[in-house]
Amino acid sequence: MDMSWKDVLESIQMAARSVGAEVASPWFYLQFGIILAAAGLAYAADTAIHARVELSSLASRWPLPLRHFARVMVTSASTAVFAVLMVISRIVMWHATWPSRSYLIAVSAKLALAWLVIRLVTSVIDNAFIVKTVSIAAWVVAALSIVGQLDWAADTLDSFAVVVGGLRLTPLLLLKAGALLIVALWLTNLASNFAESRINRATDLTPSIQVLLVKIIRIGLMVLAIAIALGAVGINLSALAVFTGAAGVGIGLGLQKIVANFISGLILLVDKSVKPGDLVTIGDNSGRISAMKTRYISVAAGDGREFLIPNEDLVTQKVTNWTYTDKNTLVKIAFSTNYDANPRQVCKLAIETATAHPRATKGRTPNCILTEFAEPGMKFSLTFWIADPDGMDNVKSDVMLALWDAFKQQGIRVPYPVRELRIRGGALPVESVVEVSS
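Residues numbered from 1 in each chain as written. Predicted model: local features only at pLDDT ≥ 70, side-chain atom pairs only at ≥ 80, totals over all residues. Heavy atoms only, no water.

A. Expanded view of the overall build of the chain. Summing up its helical and strand segments, the chain has 14 helices and 12 strands in all. Residues counted as buried form 29% of the 438 residues belonging to the chain. Considering only contacts within the chain whose residues lie at least 6 apart along the sequence, 60% involve residues at least 24 apart. Just so you have it, the chain exposes about 27800 Å², and 64% of that area is on carbon and sulfur atoms. (Helix = DSSP H or I, 4+ residues; strand = E, 2+ residues; numbered from the N terminus. Buried < 20%, exposed > 50% of the residue type's maximum accessible area, 1.4 Å probe, protein only. Contact = heavy atoms within 4.5 Å. Areas by Shrake-Rupley, 256 points an atom, 1.4 Å probe, with all protein chains shown as cover.)

B. Layout of the nonpolar core. Residues Phe335, Val346, Cys368, Phe380, Leu382, Phe384 and Phe407 are the most contacted members of the largest nonpolar core, which totals 23 residues. For this core, the secondary structure elements donating two or more residues are β8 (329-337), α13 (343-356), β10 (378-386) and α14 (392-410). For this core, the element with the most residues is α14, which contributes 6 residues. Not counting chain neighbours up to four residues away, the residues in contact with Phe335 comprise Val346, Ala350, Cys368, Met378, Lys379, Phe380, Leu382, Leu403 and Phe407. (Core = buried A, V, L, I, M, F, W, Y, C linked by side-chain atoms within 4.5 Å.)

C. The arrangement of the packing of helix α7 (residues 150-159) against helix α8 (residues 171-200) in detail. Packing of α7 against α8 leaves a shortest axis separation of 6 Å and a crossing angle of 110°. The orientation of α7 relative to α8 falls into the category roughly perpendicular. In this structure, α7 contributes Ala154, Leu157 and Asp158 to the contact, and α8 contributes Pro171, Leu172 and Leu175. Taken together, the residues of the contact of α7 with α8 break down into 5 nonpolar, no polar and 1 charged. (Axes fitted to C-alpha atoms, helices over the stretch in contact; angles between N-to-C directions. Parallel < 35°, antiparallel > 145°, perpendicular 65-115°, else oblique. Nonpolar A, V, L, I, M, F, W, Y, C, P; charged D, E, K, R; others polar.)

D. Region of interest: the state of the cysteines. Taken as a whole, this structure holds 0 disulfides when the rule is applied. Between Cys347, a free cysteine, and Cys368, which holds the nearest cysteine sulfur, the sulfur-to-sulfur gap is 3.6 Å. Judged by its relative accessible area of 15%, Cys347 is buried. (Disulfide = S-S within 2.5 Å.)

E. Here's a closer look at a nonpolar patch on the surface. On the surface, a cluster of nonpolar side chains totalling about 290 Å² of accessible area is made up of Val259, Ile263, Ile267 and Val315. If one sorts the elements of the nonpolar patch by residue count, helix α11 (residues 256-271) sits on top with 3 residues. Mapped onto the fold, Val315 is located in helix α12 (residues 311-316). For Val315, a relative accessible area of 41% translates into the label partly exposed. (Patch = residues over 30% accessible without salt bridge, like charges linked within 9 Å, V, L, I, M, F, W, Y side chains within 5 Å. Salt bridge = Lys/Arg side-chain N within 4 Å of Asp/Glu carboxyl O.)

F. The arrangement of the sheet that holds strand β9 (residues 367-373) in detail. Spatial strand order, β8-β10-β9: 3 strands in an open sheet with antiparallel pairing. Unpaired on one side and paired on the other, β8 and β9 mark the two borders of the sheet. Adjacent strand axes in the sheet meet at a mean angle of 25° when their direction is disregarded. Direction of pairing for β8 relative to β10: antiparallel, over a ladder of 9 bridges. Bridging across to β10, Lys332 finds its partner in Thr383. Contacts from α13 reach β8, β9 and β10 within the one sheet, and its direction differs from that of β10 by about 25°. α14 contacts β8 and β10 of the sheet and is inclined by roughly 35° relative to β8. (Pairing = 2+ DSSP bridges.)

What follows is the structure in structure tokens.
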């Protein structure tokens, strides 16, 4: 039965009278003074410990669990010292007078010890926001339990309810569901990371299959965690039909691109058209695929930039995959010479220059052909193979520079356009420029 506002007000009044009676006692001020003194000593001890202890080298030779415990204790030194002082004060007060006269000290000691336990448990979580949220929530629950008000708080939170589609929603239910979801998703993340590490070490799986398996495991574990967490707090999943229907409408209207990218990502992983490590050209962007995510792929350009390209673009647009079936790449270099050169000698020099490059494939002889007798000169095409397209522009530059040096040694000139200006009836000085090179 839900609590009424009258019951809530009566509970608050009873708690206020109890606190008032406690404050009226002279022992309250003695306990309060002891707590303040202990807090001051704990703060001073914390400052001294952090000034003298180096966390990076603390207990470096100890076993991992002990080393982890020691570092948590050092980072929470003020709380640990305060808890020890409160326990000692409680023992002294217990033997010196009535136990009820040290009740406030006992509560302070329990609260400090509870915070230390929570810090130890949450220290294994990497996410700072989750650590703070879980720590505060757990400490509030522990504090209510210590002062004996946990049942009252639970009944109060459960007394306010909203019924939606046959589902009774209360603040208590939402808090329980949120806490279980956080724990379940954290455990899911640990399990999926472990599975990912094992899958990535499997040498008999291709990179695309590895990414696909990791995505399937993550999604499956996440759905399972949500179902278990909601079922644990008594939420019938069939009662969420109204919410799933609304979510379906939202996906259909506002999340089309997100769903399209997600489905496109699965298609890319299944058909293996691109995979991590491939060298690709998509539009004006070229680079090596460094990661394949649910919504996009990351293409590292090699100059510090990374292009995040939606998966849908790879399915609908033209993609050049330089390493789809074979990493061997044909390099083409077009160049020209004037008509004074011997074309056979030019082709021979070009082939020797390409062959001498360390990245040229030794099993495939370079080829050079005369392609055109153009107006400015003869045009040639030099082709040779390299084992990997990575750094192809550097290879082309090296071969062209070497070809330039070879032409200089043999006296072969590269043609360039010349324009001659003739002015009739003018009186240009003799020093004027009459040729313009472009």
